[in-house]
Structures are given as C-alpha cells and as structure tokens.
Amino acid sequence: MTTTAATEGQYPTASSYYKSGGIDVWTLFNQAAAKAKAVNLGQGFMNFESPEFIKKASQKCVADDACNQYSPPRGRPNVLNAIAKRYSRILDRQLDPASEIVVTAGANEAIYAIFCAFLEAGSNDEVILMEPAFDQYTPNIKMAGGKPVYIPLRPVPGSEDASGIVSSKDWTLDMAELEAKISEKTKIIVLNTPHNPIGKVFTKDELEAISNLAKKYNLLVISDEVYENLCFDPQTPHIPIATLPGMWERTLSVYSAGKLFGVTGWRVGWLVGPKELVSPSLTAHTRIVFTTNSPLQEAASIALEEADSNGFVKDQKIVYHKCRSKLMKAFDDVGLPYIQPDGAYFLLVNASKVEIPDDFEFPDEIAVRGKSDMLTYFFTTHIGVSGIPPTEFYSPENAHIAENYIRFAFCKTDDILDEAAKRLQAVKKYVRQQ
Ligand code: GLN
C-alpha cells in the first residue's frame, strides 16, 4: 500500500454526505431569531410551563437510582405497559407490551430505526414521501441506504375563499399519481397525519385509498402520528391507518411523548406494530442507541398513567385550539391568507402579497436558499416574528409549490402570540393591495 504523509494543517476528509457541514434549518432560523430578538414561532417547541404532574414525574425518576442505569433496549416494563394500555384503546386491539412496542429516542429515532430495519443498504430501495415532508425523513432514508421518491400534496384549484384562505382538507394527494410512483423497488410509504406543516388530517377515504395501494404492492406504511392528539375539526378525527382492514400487518405507527406532553426535549417516543415488524426495528434501534434514556421513559410511564384520568390530554387540545384561533386572527388582521390547519400546531401563511423593498439586504447563505427563506428571513429580522421556510420540506423539483409560504408554530402562550400579533402589524405596509 502506498501511503501519503499528511501535510501540516490537513485533516482527514469526512464522507461526501456530511462534508459540507451545512447547518439545519432549525438552527439557522433559531440563530437568526435570537440575533434579531424576534418572537420565535419557528421551531415547534412549546413555551408553556409543564404541568406539575409531569415535572414531578421527571424529578422523581431522575432522583431514583434504579432509573439511572441502562434500560432494556425495548423499553422499561412500566412504560411498555402504559403505552400498551393507551394504544390498545387507540388502535382498537389488545397490544402485547412484550413484543409489539419499542420505546425510542424520540419519534425521529423510531423512524430512522425502521428505515434501517427495512431498507437494504446499498440497494436503493425506494421510500415514497408525500411533500411537504418533515425534513428529517430524506436524510434518514439516505443514511439507511434507501432512495426517497416524492409526490406532492397540491391545493385543489379554486378552493380558496374570498380572502385566499384554503382549508388543509383541500391539499390533496392524486392517488393515480401515487400509484404511478410505485416501482419494483418501492418498500415503504411514509404517512404523516395530522400533517406537519400543512395541518391536514387525512380522511378515512384518503387513508383507504393509500391502504389499498399498500396492500396491492405489499408495502410497509410508516405512520408518523406524533400530533395524534391535536385535531380541531370534529369532522376529521384522527384515524390511525393501522386500524383499517388488513393494515395492522403492514403498519408501524410512531408516537411522541414530547408532543403528547409538551416536553419536546425529553426525546422519548415509541413505535407500535405487529411483532414481525417491530422485531427488526428493535434490532436496528438497539444498534443505533442501544436503549432510550431511562429516567424520562420511566417518567413517561407516570405521565401516561396520570394523563389517563386527569383530563390533561383533552385540556391540551382546547389550549392549542385557542392558540390556533389567535394566530389565524393575527394574520387576518394584516390581510395575509393561510392554510387553515385541521390538526398539529403550525400555520402555513401565504406571503405572496408581501413586497420586500428592493434595497433590503439578505446574507448570502439566505439568498441562495430561495424565496421562502428570504420571506422568512424578512419576517424574522424586519418584522420581528420568526418562522420556518417550508421549502425545506421539499425536494428541489417540488419546492416551488411552497415558495410563497412561511410556517409559523402556535404552540405558544398567549403573551407570545399577542406580541407576535402586535409586531405583525408592521407587515401591513408591505402587503400589496389588490
Ligand atoms: N417537529 C418540530 C417542528 O417541525 C421540531 C423539528 C426539529 O426541531 N427537528 O418544528
């Protein structure tokens, strides 16, 4: 073997995938928001105080020596039992905590573990993503050796009202187009309902159409249901696709303690499905993180048990519903339309009427990212309200669909949403009247 000695100041090279060292959109806009002292409605984290029973649960578990050592890779018995109890009800079947659940390091890790378990490394096995698609899916598919294939949700033409507001129900999937995307290589469809960032809650008819294709082509469905609890229209309740006929056998459903209890920093989630699908996912999870942090999974078991009887989950939904109304009103007041979400805690605002002054300066790293980033940056630094550019949730071929939008999160206390509403008044003078 010939070797070349390193010259001074030369570093070993990273893989082509990571070498650019680019930062993620969350960090980029959190930093911009902090610098501009903007009201941060970007990343979806809550600023509510956690309820006492949740704080007490975590304090108790961190102080318990038995909770500060490794847990079994699948999860601790108490939390597996508590998950089995809640989701036996939701999934309408008796779950076996010993074989049909894995506790993961957040929903992100659950989904990555499933990709690793079902995609053959180096084979370019295909995974269908509906766009906009949460920005973690694409890199995770590639890291697991697979290939993402994209199909965009599109607004039904003419579905907007007189002010330009569209219902998230009117962003739909063309099922013939979806079928055309399925190839011999397709192994997985990722479904996200309630949907981030559109807030769409897929209807029974839509889920049935997706199920029929999954069954026809023997596909696995990863159902990201982390916003399971946040559906605002009684006409579109959350329906887990695993409850549809013939779907239990081909679905892994993914949930999040962070979302359910408003503690996104816990990084505790879980996946649920038949043991044939859970078992390879558990093996992958074991090799990725070995086991999820012990104290907070134990705390999640207490939170799940107590939330069962103290009304917390129902109350949360009422709180978020009010937050949604407040943020929608703030944009009504400045004449900017949006996609009215039926679920989750994001508002996609259509800022196509906003005219940014020609002399407004963008840093190069924002300008190269395109219009949605520039609009978001303008709102962050000039109006003082930060969001996330939803084009980040798209492949380059479909990103134009969202180029006029900004995503704002409404999982915030009244004072924050009121301050945002106040600052948003400043955008009025840039809104083109027509
Ligand atoms: N799911 C959250 C959001 O969409 C957080 C995403 C993240 O921080 N990676 O805002």
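Counting restarts for each chain, with residues numbered from 1 along the sequence as it is written. For this predicted model, a pLDDT threshold of at least 70 governs which residues receive local features, and a threshold of 80 or more governs which side-chain atom pairs are given and counted, while totals over whole chains, interfaces and linings are taken from all residues. The basis for the side-chain values is all heavy atoms of the structure; hydrogens and waters are excluded.

With an unreviewed UniProt entry as reference, the chain is termed Arylformamidase, source organism Mycoemilia scoparia. UniProt positions are given in the numbering used here, feature names are shortened, and annotations may be inferred rather than shown by experiment. Turning to the chain, the UniProt record has this under Cofactor (unreviewed entry): "pyridoxal 5'-phosphate". In its Sequence similarities (unreviewed entry) section, the UniProt entry covering the chain states "Belongs to the class-I pyridoxal-phosphate-dependent aminotransferase family."

### A short note on the overall build of the chain
A tally of helices and strands in the chain yields 14 helices and 15 strands. Here the globule rule reads 2.2 Å times residues to the power 0.38, and the radius of gyration is calculated from C-alpha atoms. Against the compact-globule benchmark of 22 Å for 434 residues, the chain has a radius of gyration of 22 Å, which places it among compact chains. By its C-alpha atoms, the chain is 70 × 60 × 50 Å across when sized along the principal axes. The buried label applies to any residue whose accessible area, calculated with a 1.4 Å probe on protein chains only, is under 20% of its type's maximum; exposed applies above 50%, and partly exposed to all values in between. With 434 residues in all, the chain has 56% of them scored as buried. Taking all contacts inside the chain whose residues are at least 6 apart in sequence as the whole, residues at least 24 apart take part in 74%. Runs of E in the DSSP output that reach at least two residues are strands. Runs of H or I that reach at least four are helices, and both are numbered from the N terminus. Pairs of residues are marked as contacts when any of their non-hydrogen atoms sit within 4.5 Å.

### Let's talk about the packing of aromatic side chains
Between 30 and 60 degrees the pair is tilted, below 30 it is stacked and above 60 it is edge-to-face, where a pair is any two Phe, Tyr or Trp rings, Trp via its six-membered ring, whose centres lie within 6.5 Å. Under the definition given, this model contains 24 aromatic pairs. Taking the centre distance of 5.0 Å and the plane angle of 80 degrees together, the rings of phenylalanine 360 and phenylalanine 378 count as edge-to-face. Residue phenylalanine 360 is found in the loop between β13 (346–350) and α12 (364–367), and its partner phenylalanine 378 is found in helix α13 (residues 371–383); the two are separated by 18 residues along the sequence. Neither phenylalanine 360 nor phenylalanine 378 differs from the other in exposure class; each is buried. The positively charged end of lysine 412 is found above the aromatic ring belonging to phenylalanine 45, 3.6 Å away from the centroid. Each ring is checked for a lysine NZ or an arginine CZ that lies within 6 Å of its centre and within 35 degrees of its normal; such an atom marks a charge sitting over the ring.

### Focus: the UniProt feature "domain: Aminotransferase class I/classII large" (unreviewed entry) in the chain
What UniProt calls "domain: Aminotransferase class I/classII large" (unreviewed entry) maps, in this numbering, to residues 37–424. Counting secondary structure, residues 37–424 comes out at 39% helix and 16% strand; the distance between its end C-alpha atoms is 14 Å.

### Concerning helix α4 (residues 106–118)
An expected span of 1.5 Å times one less than the residue number is assigned to each helix. Taking 1.5 Å per residue as the helical rise, α4 with its 13 residues ought to reach 18 Å, and the 19 Å between its terminal C-alpha atoms agrees with that figure. For α4, the tally of buried residues reaches 10 of 13 residues, placing the bulk of the element in the interior. For α4, every residue scored as buried is listed here: Gly106, Ala107, Glu109, Ala110, Ile111, Tyr112, Ala113, Ile114, Phe115 and Phe118.

### Structural notes on the domain arrangement of the chain
Domain start and stop points were drawn from an automatic or database domain assignment. Domains assigned within the chain are domain 1 (20–44 + 313–430) and domain 2 (52–307). Taking only C-alpha atoms into account, the centre of domain 1 sits 25 Å from that of domain 2. Taken together, the contact between domain 1 and domain 2 spans 31 residues of the former and 34 residues of the latter. Two parts placed together each lose some accessible area; with a 1.4 Å probe, that loss summed over both constitutes the buried area. Carbon and sulfur atoms supply 60% of the area buried between domain 1 and domain 2, which totals about 3,000 Å² over both sides. Sorting the residues of domain 1 by area buried against domain 2 places Val313, Asp342 and Phe393 first, and these three jointly supply 25% of that buried surface. Should a side-chain nitrogen of Lys or Arg be within 4 Å of a carboxyl oxygen of Asp or Glu, the pair is scored as a salt bridge. Counting across the domain 1 and domain 2 interface gives 1 salt bridge. Lysine 169 is paired through a salt bridge with aspartate 342; the nearest N and O atoms lie 2.8 Å apart. Pairs of N or O atoms within 3.5 Å make up the polar contacts considered here, provided that, within protein, one atom can donate a hydrogen while the other can accept it, and that residues adjacent in sequence are counted only when both atoms are side-chain atoms. At the junction of domain 1 with domain 2, the criterion picks out 16 residue pairs in polar contact (both at pLDDT 80 or more). Of all the secondary structure elements, the ones that give two or more residues to the side of domain 1 that touches domain 2 are α1 (25–36), α11 (312–333), β12 (338–340), β13 and β15 (405–409).

### Section: the site of the ligand
All residues adjacent to the ligand are Trp26, Gln43, Gly44, Phe134, Asn196, Tyr227, Lys259, Phe346 and Arg407. In this structure, asparagine 196 approaches the ligand through a side-chain N or O atom, which is 2.9 Å from an oxygen atom. Arginine 407 is positioned such that a nitrogen or oxygen atom in its side chain is 2.7 Å from an oxygen atom of the ligand. For the ligand, whose free accessible area comes to 300 Å², the fraction covered by protein is 83%. Here a residue is near a molecule or strand as soon as one of its heavy atoms is found within 4 Å of it. Accessible surface is estimated by sampling points in the Shrake-Rupley manner with a 1.4 Å probe; for residues, cover comes only from the protein chains shown.

### A closer look at unusual backbone geometry
Look at the link from threonine 193 to proline 194: it is a cis peptide, with omega at -15 degrees. Within the fold, proline 194 resides in the loop between β8 (186–192) and α7 (204–216). In this structure, proline 197 follows asparagine 196 across a cis peptide bond, with omega equal to 15 degrees. With respect to the helices and strands, the residue proline 197 is situated in the loop between β8 and α7. Unlike most non-glycine residues, asparagine 218 shows phi in positive territory, near 55 degrees. As for its position among the elements, asparagine 218 is in the loop between α7 and β9 (220–224).

### Things to note about the sheet that holds β15
Across the sheet, 4 strands lie side by side as β6-β12-β13-β15; this open sheet has mixed pairing. Lying at the two open borders of the sheet, with one neighbouring strand each, are β6 (166–167) and β15. DSSP calls a pair of strands paired once it identifies at least 2 bridges connecting them. In terms of strand pairing, β6 meets β12 through 2 bridges, oriented parallel. By the bridge assignment for β12, valine 166 is matched with isoleucine 339. Geometry is summarised by axes, namely lines fitted to C-alpha atoms with helices restricted to the contacting stretch, and by angles between N-to-C directions that run from 0 to 180 degrees. Packed onto the sheet, α11 meets β12, β13 and β15 and runs at close to 150 degrees relative to β12.

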